[in-house]
Amino acid sequence: MRTHRRLLTVTGLAAAALATAGLNTSAFAATTLTSGHVDVLDAEWDGAELHLHVHDEENDTEYEPADVTLSVPDAAKVTNPGYGFLGSGSQIWLLPDTEAEADAAGVLFAGVSTEHLTTGVFTGDSVAYQLLSATRDGAATDDFSVYTGSGVRWYDSDTATGSYKSRTFAVGAHNHANWAFEEAGTYRLTFRVQGTAGGVTESATETYTVVVGS
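Below or above, wherever it landed, is the structure these notes cover. What you see is a predicted model; the values in this text were computed from it and never measured.

**Quick word on the pattern of salt bridges**
Here is step 1: Going through the model one piece at a time under the given rule, you end up with three salt bridges.
Here is step 2: In this structure, R136 and D137 form a salt bridge, with 4.0 Å as the shortest nitrogen-oxygen distance.
Here is step 3: On the accessibility criterion, D137 (53% relative accessible area) is exposed.
Here is step 4: The partner of R153 in a salt bridge is D156, and the shortest N-O contact between them spans 2.8 Å.
Here is step 5: Take D156: its relative accessible area is 2%, and that puts it in the buried class.

Okay, structure coming up:
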């Protein structure tokens, strides 16, 4: 049984109490996930609305995206495979598309999940995940992409192209690809999940924080 966890019950309440007292709440950090199988994009439908969560498969726990920091340490550094969209740097930070590689490096095995959506709800039995924006250290960045092992891009934050911003996935599926970051820094990635249910367009939008580099 999965645990739905909103950190408002712990850190949120503590932060709220301090805020009421006029104290600095910056010391209260979000939960940090550093390794293991984690579905970063995990959509659910409650019968009326779509929702996005971060699903920690290792502990069968769900988090609100705002409550989680995803860590990509220097252990994730690999040789740049040479795809043009990955820039000219000799190395990139990579969350690999196989669990064996992720476990060997001690980094996150990042997934895109629709497994909690059932057939017969959304038109075409599919939904789309859209990358709406990406920043690094507060500025727009072209340093983020998601691609398969053969170099096929799913997402690319490069604003010079309108492509690679949306991808459709069948419901009831579990998907993995390489998550690549070309520079160290704090990334904020805003994704939307969208589908049509009963002739009505439904969506949910969340922003994810990813800290890259030691």
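**Considering the environment of D67**
Here is step 1: Among the secondary structure elements, D67 is positioned in the loop between strand 5 (61–63) and strand 6 (68–72).
Here is step 2: On the accessibility criterion, D67 (19% relative accessible area) is buried.
Here is step 3: Through-space distance from the C-alpha of D67 to that of T209 is 9.2 Å; in sequence the pair is 142 residues apart.

**Looking at the packing of aromatic side chains**
Here is step 1: By the definition in use, this model includes twelve aromatic pairs.
Here is step 2: On the basis of an interplanar angle of 55° and a centroid distance of 5.8 Å, the ring pair of F144 and W179 is categorised as tilted. Pair noted here: F144 is in strand 12 (residues 144–147) and W179 is in strand 16 (residues 178–181), with a separation of 35 residues, a long-range link. Note on accessibility: F144 and W179 belong to one class, buried.
Here is step 3: Members of the aromatic cluster, joined through ring pairs, are F144, Y155, W179, F181, Y187, F191 and Y208.

So, how was this worked out
- Residues numbered from 1 in each chain as written.
- Predicted model: local features only at pLDDT ≥ 70, side-chain atom pairs only at ≥ 80, totals over all residues.
- Heavy atoms only, no water.
- Salt bridge = Lys/Arg side-chain N within 4 Å of Asp/Glu carboxyl O.
- Buried < 20%, exposed > 50% of the residue type's maximum accessible area, 1.4 Å probe, protein only.
- Helix = DSSP H or I, 4+ residues; strand = E, 2+ residues; numbered from the N terminus.
- Phe/Tyr/Trp six-rings, centres within 6.5 Å; stacked < 30°, edge-to-face > 60°.

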